[in-house]
Amino acid sequence: MVSQSSSVGYTIMGKTADLTVVQKTTIDTLHKEGKTQKVIAEEAGCSQSSVSKHINREAKGRKRCGRKKCTSNRDNRTLERIVKQNRFKNVGEIHKEWTAAGVSASRPTMHRHVKDMVFSCRIPCVKPLLNNRQRQKRLTWAKDKKDWTAAEWSKVMFSDESKFCITFGNQGPRVWRKRGEAQNPRCLRSSVKFPQSVMVWGAMSSAGVGPLCFLRSKVNAAVYQEVLEHFMLPAADQLYGDADFIFQQDLAPAHSAKPTSTWFKDHGIPVLNWPANSPDLNPIENLWGIVKRKMRYARPNNAEELKATIRATWALVTPEQCHRLIDSMPRRIAAVIQAKGAPTKY
């Protein structure tokens, strides 16, 4: 039921939108005096829910408490522009440049603003730097191989060298420890100024992996031919038997040297033509990554233990893993064509 009052001029039990100026003033005054919403509703002549909504609406419209922002939207746009100009600046460099632009803000404030802009500090992906000529050659190569099937790629034996270190940078495992255990020997991670490392040559096909060769010296044409003689040929016998195969290698000087080319001709082994700076096209690069990830928690103390760990981990690589990597070749080719010869995610 709705009734009119000539003295105050309001609508009883009206909605929030129906409240008059007098009702709103009455609600504000009684609310400041600490009256309950039930008493306010009776005095103002409206529903209790209307009183609650009006009070909440007024509260939302109040000025925010706390310290006033020390930077303007213009200052924030300047900060974003500084970050985008060079993505490899550290926090100190960014703050110094922002301060030089006339902004007075602390380094933690600057860091917080950068995070609010959804920038995250991450390890950058590594891609080969290609010039226009190399991109064009990659594109031409990919178009030439775009019709190759996974079965045809299974006839290719991929090879590559990779470096393994005793310590893998600062991206090693974390440690669970309690307070006061920071110097506990079981909680320490060993570090050396010049970590020992080994260079490894390996080969793979869709049937699995071949034997590893640990290189003792710098690889020149003569050393590389010894690797081919004592490791590549046994790998070919193991993976292909009497079947024909094509050998893949990158364009390292020792690989493309004339004596090496003569060695392949003398042994009747066809070599796959290969574009320069194209690790993204070689599935064995992904296999090295798999092996290194499996070795993440290994703790070799010297080069011999490191070699033993590499051998043991390499032996765990299954033919199924190799088959999946070889099967990705048509997708890699398509990605290079789509990128017009540029580096791809592989």
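Residues numbered from 1 in each chain as written. Predicted model: local features only at pLDDT ≥ 70, side-chain atom pairs only at ≥ 80, totals over all residues. Heavy atoms only, no water.

Draft legend 1. Quick peek at the overall build of the chain. The helix and strand inventory of the chain stands at 15 helices and five strands. Across the 346 residues of the chain, 37% fall into the buried class. Once local pairs closer than 6 in sequence are excluded, the contacts in the chain between residues at least 24 apart make up 72%. Here the chain has roughly 22700 Å² of accessible surface; of this, 51% comes from carbon and sulfur atoms. (Helix = DSSP H or I, 4+ residues; strand = E, 2+ residues; numbered from the N terminus. Buried < 20%, exposed > 50% of the residue type's maximum accessible area, 1.4 Å probe, protein only. Contact = heavy atoms within 4.5 Å. Areas by Shrake-Rupley, 256 points an atom, 1.4 Å probe, with all protein chains shown as cover.)

Draft legend 2. A look at the confidence of the model for the chain. Chain-level pLDDT for the chain is 86 on average; 84% of the residues reach the 70-or-more range. Under a pLDDT of 50 for its full length, residues 1-14 has, in the predicted model, 21 contacts with residues more than four places off or in other chains. (pLDDT = per-residue confidence, 0-100.)

Draft legend 3. Summary view of the pattern of salt bridges. The full count for this structure, using the stated rule, is six salt bridges. Its salt-bridge partner being E80, residue K84 comes within 3.3 Å of it at the nearest N-O pair. One end of the pair, K84, and the other, E80, are both in helix α4 (residues 73-85), four residues apart, so they sit about a helical turn from each other. (Salt bridge = Lys/Arg side-chain N within 4 Å of Asp/Glu carboxyl O.)

Draft legend 4. Quick peek at the pairing of strand β1 (residues 156-165). Counting buried residues along β1, nine of its 10 residues qualify, which places the element largely inside the surrounding structure. One ladder, built from two bridges, connects β1 with strand β5 (residues 246-247); its direction is parallel. The partner of M157 across the bridge, within β5, is F247. Bridge count for β1 against strand β2 (residues 197-205) is eight bridges, and the pairing is antiparallel. In the sheet register, D160 faces β2, and the bridge partner there is G202. (Pairing = 2+ DSSP bridges.)

Draft legend 5. Up close: the pairing of β2. Taking burial as the measure, the nine residues of β2 include seven buried ones, the bulk of the element. Both β2 and strand β4 (residues 213-215) contribute to a ladder of three bridges, which runs antiparallel. Considered in β4, the bridge of V200 is made with F214. Sheet topology note: the β2/strand β3 (residues 208-209) ladder contains two bridges and is antiparallel. Pairing of M204 across the sheet is with V209, part of β3. Counting the residues that bridge the hairpin from β2 to β3 gives two residues.

Draft legend 6. Structural detail: the environment of T318. Here T318 shows up in the loop between α13 (303-315) and α14 (319-327). The spatial distance from the C-alpha of T318 to the C-alpha of V209 is 8.1 Å, given a sequence separation of 109 residues.

Draft legend 7. Highlighting the environment of D28. When you line up the elements, D28 lands in helix α1 (residues 21-32). For D28, a relative accessible area of 29% translates into the label partly exposed. Filtering out sequence-adjacent residues up to four positions away, D28 remains in contact with H54 and E58.

Draft legend 8. Summary view of α14. Among the residues of α14, Q321, C322, L325 and I326 are the ones counted as buried. With its buried residues spanning 130° around the axis, α14 presents them on a single face. On its buried face, α14 is in contact with α8 (150-153), β1, β2, β3, α12 (283-294) and α15 (329-338). (Arc of directions from axis to C-beta.)

Draft legend 9. Expanded view of the packing of aromatic side chains. Overall, the coordinates contain 10 aromatic pairs when judged by the stated rule. For the pair W153 and F158, a centre-to-centre distance of 6.3 Å together with 25° between the ring planes defines the contact as stacked. Judged by centre distance (5.2 Å) and plane angle (15°), the ring pair of Y240 and F245 falls under stacked. Per residue, the accessibility class of Y240 equals that of F245, and both read buried. The positively charged end of K145 is found above the aromatic ring belonging to W148, 5.6 Å away from the centroid. The ring of F164 has K292 lying over it, and the distance from NZ or CZ to the ring centre is 4.9 Å. (Phe/Tyr/Trp six-rings, centres within 6.5 Å; stacked < 30°, edge-to-face > 60°. Lys NZ or Arg CZ within 6 Å of the ring centre and 35° of its normal.)

Draft legend 10. Local environment of the side chain of S162. Tracing the backbone shows S162 in strand β1. Reaching out from S162, the side chain makes a polar contact with the side chain of K292 at a distance of 3.1 Å. Not counting the four nearest positions on each side in its chain, S162 is found in contact with V198, M199, V200, W288 and K292. (Polar contact = N/O pair within 3.5 Å; in protein donor to acceptor, adjacent residues only side chain to side chain.)

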